[in-house]
Amino acid sequence: MTSPLRTFLDSGAPPNSTEYTTVVIIHGYGFHAGKRSTPGQCNHHLITAGPITGNFKKLLPLAPAHNARIVLLNRRDYPGSAPFTDEERGTLKALAHAPPGSPDAVRGTAEFMKARARELYDYLVELVRSGGTTPVSHGGKGGVVLVGWSLGAVWISALLSHVASFSVRPGDVRLSEHVRRVVYYDPSYVCAGYKIPEGVYHALHDPSLTPAQKTERFGVWVSSYYAHGDVWTAGPAAVESRNALPSPPPTILTMTAEELAESAYSAPGEDGGSEQLLAQASIIHGTYSSLHEAAFRLQQAEEDGDDWPDVEVRYLWCDRSIWEMPLAAFRLSRNLEEVKSQGKRVRHVDFVRFRGANHFAHWDLPERTLAGFLGDSREIL
């Protein structure tokens, strides 16, 4: 099956290397791999010559020094990848406006996200078949490292939740032999299905703002730096949600107009856009919560399936990010401890603290960010 997802930028393989690691990055809400005006730049797995643009562009020149190939894809409804069909948009609209928790809508939203997981799975199969990846070596090198940033981490949760149900027949690519690590890169608290704590501010859930104002405020709010207390001991009481640090400035305010234009794409997240509708449906029908819970539990694979039990899970959280990200790490850590105490099988998760980094570490601190994706340190300094 051909995936509708498309590679937007590809650093290419480092020269003279036979065990490089392919890092595939899934973008977040509104800020993505980029958009191009030059025809012929969005081929599936080989991006032809042209200017390096987009939100993750600072990582690409660093790839050879890290013995890595970096592949940036755009999700559905973002430039270069297939837009949602009219039928799919109609489904999203119906789900987003269905009564919260109604059985048909719960089932429909779950099925919609399973289809997104299948698209990502098929994309990775095509990537491996294209011959642009290397096998995983005995020393833990090579293979594919799949990274989901912010909202993009939901696509990783969807994949881990459903991968055991995807058949692997003789002659098919067995992705567990190629994907050696998944990285949850500064994922969202709300997108893990957790409810916003009372008294904590969130720009996208501010009732005093119009939809357009929410979009405008979100960029500055989410790219600012915050000084939180000790979230791992005090939980929600330790987070700072409104008062950003005066320095460093919000990342998007350091971008030129051209850089911001090539990095941001607001249409899917606007009122009535596919991203906004899917988020609304996933919150009111519990889809975010169910995916997040299932992703970290090892499941019984179907007879011809594979649950990826040996794939590493690395959870990288930035301690100067908005409150959602450190609090999400705290909640997941506590939840996993509770589930393990009940004797249930869960994936092993390495929690990695990225000190001094905000939600746009790949822009402000690209060298350290790439090292965090590829390395084994439990703390990035």
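Criteria and thresholds
- Residues numbered from 1 in each chain as written.
- Predicted model: local features only at pLDDT ≥ 70, side-chain atom pairs only at ≥ 80, totals over all residues.
- Heavy atoms only, no water.
- Helix = DSSP H or I, 4+ residues; strand = E, 2+ residues; numbered from the N terminus.
- Rg over C-alpha atoms; globule rule 2.2 N^0.38 Å.
- Buried < 20%, exposed > 50% of the residue type's maximum accessible area, 1.4 Å probe, protein only.
- Contact = heavy atoms within 4.5 Å.
- Areas by Shrake-Rupley, 256 points an atom, 1.4 Å probe, with all protein chains shown as cover.
- Lys, Arg positive; Asp, Glu negative; His and termini not counted.
- Charge placed at Lys NZ, Arg CZ, Asp CG, Glu CD.
- Phe/Tyr/Trp six-rings, centres within 6.5 Å; stacked < 30°, edge-to-face > 60°.
- Pairing = 2+ DSSP bridges.
- Axes fitted to C-alpha atoms, helices over the stretch in contact; angles between N-to-C directions.
- Salt bridge = Lys/Arg side-chain N within 4 Å of Asp/Glu carboxyl O.
- Polar contact = N/O pair within 3.5 Å; in protein donor to acceptor, adjacent residues only side chain to side chain.
- Arc of directions from axis to C-beta.
- Right-handed = clockwise from strand over helix to strand, strands pointing away.

**Q** Could you clarify how one ought to interpret the overall build of the protein chain in this entry?
**A** Scanning the protein chain from terminus to terminus reveals 12 helices and eight strands. Relative to the globule expectation of 21 Å for 381 residues, the C-alpha radius of gyration of the protein chain, 20 Å, shows essentially globular dimensions. Summarising its shape, the C-alpha atoms of the protein chain cover approximately 55 × 45 × 45 Å along the three principal directions. Burial analysis of the protein chain (381 residues in total) assigns 56% to the buried set. Within the protein chain, contacts between residues at least 6 apart in sequence are counted, and of these 81% link residues at least 24 apart. Carbon and sulfur atoms provide 52% of the accessible area of the protein chain, an area that totals close to 16000 Å². For the protein chain, the distance from the average site of its 37 positive side-chain charges to the average site of its 42 negative ones is 2 Å.

**Q** Explanation requested: the packing of aromatic side chains in the structure shown.
**A** For any two aromatic rings, the description comes down to two numbers: the centre-to-centre distance and the angle of the planes. Within the structure shown, the criterion is met by 19 aromatic pairs. Plain terms: the ring middles of Phe-218 and Trp-221 are 6.4 Å apart, the flat faces sit at 45° to each other, and that makes the pair tilted. Residue Phe-218 and its partner Trp-221 are both found in helix α4 (residues 211-222); the two are separated by three residues, about one turn of the helix. Assessed through its relative accessible area of 11%, Phe-218 is described here as buried. By relative accessible area, Trp-221 is classed as buried at 6%. Taken together through their ring pairs, the aromatic side chains of Tyr-184, Trp-232, Phe-296, Tyr-315, Trp-317, Phe-330 and Phe-351 make up a single cluster.

**Q** Any chance you could explain the sheet that holds strand β6 (residues 312-318) here in plain terms?
**A** Backbone hydrogen bonds hold the strands of a sheet together, and the pairing may be parallel or antiparallel. Strand order in the open sheet made by the eight strands is β1-β3-β2-β4-β5-β6-β7-β8, with mixed pairing throughout. Of all the strands in the sheet, the pair left with one neighbour each is β1 (6-10) and β8 (379-380). Pairing between strand β7 (residues 349-354) and β8: two bridges, direction parallel. Directly across from Phe-354, in β8, lies its bridge partner Ile-380. Sheet contacts for helix α3 (residues 152-162): β2 (21-26), β4 (144-149) and β5 (179-185); angle to β4, the most-contacted strand, approximately 125°.

**Q** How should I be thinking about the pattern of salt bridges in this particular structure?
**A** Any two side chains of opposite charge can pair, on the condition that their charged atoms come close. According to the stated counting rule, one finds 20 salt bridges in the structure shown. Among the salt bridges present, the one from Lys-57 reaches Glu-259, with a minimum N-O distance of 3.6 Å. Of the two residues, Lys-57 is situated in the loop between β2 and β3 (68-74) and Glu-259 in helix α7 (residues 257-263); the sequence distance between them amounts to 202 residues. Considered together, Lys-57 and Glu-259 belong to a single accessibility category, that of buried residues. In this structure, Glu-88 engages Arg-76 in a salt bridge whose closest nitrogen and oxygen atoms are separated by 2.6 Å. Of this pair, Glu-88 sits in helix α1 (residues 86-96) while Arg-76 sits in the loop between β3 and α1; the two residues are 12 residues apart in sequence, bridging distant segments of the chain. There is no split in this pair, since Glu-88 and Arg-76 are both buried. Among the charged side chains, a salt-bridge network with shared partners connects Arg-76, Glu-88, Arg-116 and Glu-119.

**Q** Sorry, what's going on with the environment of Gln-276 here?
**A** Among the structural elements, Gln-276 can be located in helix α8 (residues 274-284). Considering only alpha carbons, one finds Gln-276 and Gly-132, 144 residues apart in sequence, at a separation of 34 Å. Ignoring anything within four residues of it in the chain, the contact list for Gln-276 reads Pro-268, Gly-269, Glu-270 and Asp-271. A distance of 2.9 Å separates a polar atom in the side chain of Gln-276 from a polar atom in the side chain of Gln-280.

**Q** Sorry, what's going on with α1 here?
**A** It helps to recall that an α-helix has 3.6 residues per turn; residues three or four apart then point in one direction. Those residues of α1 not exposed but buried are Glu-88, Leu-92, Leu-95 and Ala-96. Buried positions in α1, seen along its axis, are confined to an arc of 95° and lie on one side of it. Those residues of α1 that are exposed and aimed more than 90 degrees away from the buried face are Asp-86, Glu-87 and Lys-93.

**Q** Got a minute to help me understand the pairing of β6 in this structure?
**A** Side-chain positions along a regular strand alternate between the two faces of the sheet. Along β6, six of the seven residues are buried, which leaves the element largely enclosed by surrounding structure. With five bridges connecting them, β5 and β6 associate as parallel partners. For Val-183, the partnering residue across the bridge sits in β6 and is Arg-314. Pairing of β6 with β7, which is carried by six bridges, proceeds in the parallel orientation. When the sheet's bridge partners are listed, Leu-316 is paired in β7 with Val-352. Handedness of the β6-helix α10 (residues 324-341)-β7 crossover: right-handed.

These values are about where atoms sit, not about what they do.
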